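# Descriptive structure summary
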Amino acid sequence: MLNNSFEVDSFLDEQELLGLSKYYQKLPKAYNSGDEKKAYTTGFPWADLPMKKIKDKVEKVFGKCNVGVSMFLEEFEPWGVHTDFLQGGDNVPYYAVLIPLDFEDKPTHTIIFDQQATDSDWKEKLTNKTHHPYTDKDLNLLDHIDNDLLDKLSIDNTFKWEKGKLIAWHRNFLHTSDNFKATGMNRKIALVLFLNKDD
C-alpha cells in the first residue's frame, strides 16, 4: 500500500536523466494554460518515449495503471496551492509523479498538504483553521502563499528536489511549489506524470 505522498531516492540514473533532457530539447515548448504564464508544460505521448526502462520502473512502483498526462514542466514562477485531481479528465485519478531533471544549485522543494480537493471550488470548502505548527523554514518556503489560506492547511510532507528522485502524491491532495524565486533560482525542470486507474 503506497502512502499518500512519498519519495524514492535515485529513481533514475545519470544516463536516464540525460536521455530525458535530450528528448525534451527536441520538443516544441508549450506554455501552461490560463492567463498567468508560469511555466512551460510541454506534453508528449507517454507511448512515444523511447526509454522502456523508465516506463518499467514507474510500473514497478505504482503497479498497473495508465499515464493520462506526461509532460516536461519547466517552471519559472512558483505555482500556488492547487490540486491535480481534475487534470486530464480521468475517471479514477491515481498519483502525480514528479522527477526533477535540472535546476540551479540551490535548494528547492515540493510541499504536499494534508487537505484534499476533488473539484474547482475547494477554497470555499476550507473553512476551519488547522493551527498547524509552521516552522520559520516552512513559512520561508511558502511566503508566496496567502496567510489566510495557510491557516487552513497543514503539511503532510516537504520533499527536497534532487535530480533523479521520484516524488509522488495522490492527485486529490493539495500541494505547491516553494517560492524558489526567493533564493535567486530562475527555473527548474521536471518530468511530470498524472496516473489514473481508468479501465
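Coordinates for the structure precede this section.
The paragraphs below set out a description of the structure included in this document. As the structure is a computational prediction, the values presented were derived from the model and not from experiment.

## Concerning helix H1 (residues 14–25)
For H1, with 12 residues, the first-to-last C-alpha span of 17 Å sits near the 16 Å given by 1.5 Å per residue. Every buried residue of H1 is accounted for by Glu16, Leu17, Leu20, Tyr23 and Tyr24. One side of H1 holds all its buried residues, which, seen down the axis, span an arc of 125°. Across from the buried face of H1, at angles greater than 90 degrees, the exposed residues are Glu14, Gln15 and Gln25. As for H1, its buried residues are in contact with strand S2 (39–43), helix H2 (52–62), strand S3 (66–75), strand S4 (93–103) and strand S9 (188–196).

## Thoughts on the environment of Ile145
Relative to the helices and strands, Ile145 is located in the loop between helix H4 (136–141) and helix H5 (147–150). Judged by its relative accessible area of 8%, Ile145 falls in the buried class. Beyond its immediate chain neighbours, meaning those up to four positions away, Ile145 contacts Gly80, Val81, Leu150 and Thr176.

## Re the packing of aromatic side chains
Under the criterion given, the structure shown has 13 aromatic pairs. Plain terms: the ring middles of Tyr40 and Phe76 are 5.4 Å apart, the flat faces sit at 75° to each other, and that makes the pair edge-to-face. Of this pair, Tyr40 sits in strand S2 while Phe76 sits in the loop between S3 and S4, and the two are 36 residues apart along the sequence. With 4.9 Å between their ring centres and 80° between their planes, Tyr94 and Tyr95 make a pair best called edge-to-face. Comparing Tyr94 with Tyr95, the two get one shared label, buried. It is Lys57 that lies over the ring of Phe11; its NZ or CZ is 6.0 Å from the centre. In this arrangement the basic side chain of Lys188 is found over the ring face of Trp161, its NZ or CZ atom lying 4.3 Å from the centre.

Definitions and limits used
- Residues numbered from 1 in each chain as written.
- Predicted model: local features only at pLDDT ≥ 70, side-chain atom pairs only at ≥ 80, totals over all residues.
- Heavy atoms only, no water.
- Helix = DSSP H or I, 4+ residues; strand = E, 2+ residues; numbered from the N terminus.
- Expected span 1.5 Å × (residues − 1).
- Buried < 20%, exposed > 50% of the residue type's maximum accessible area, 1.4 Å probe, protein only.
- Arc of directions from axis to C-beta.
- Contact = heavy atoms within 4.5 Å.
- Phe/Tyr/Trp six-rings, centres within 6.5 Å; stacked < 30°, edge-to-face > 60°.
- Lys NZ or Arg CZ within 6 Å of the ring centre and 35° of its normal.

By themselves, these are just geometric observations and shouldn't be taken as functional.
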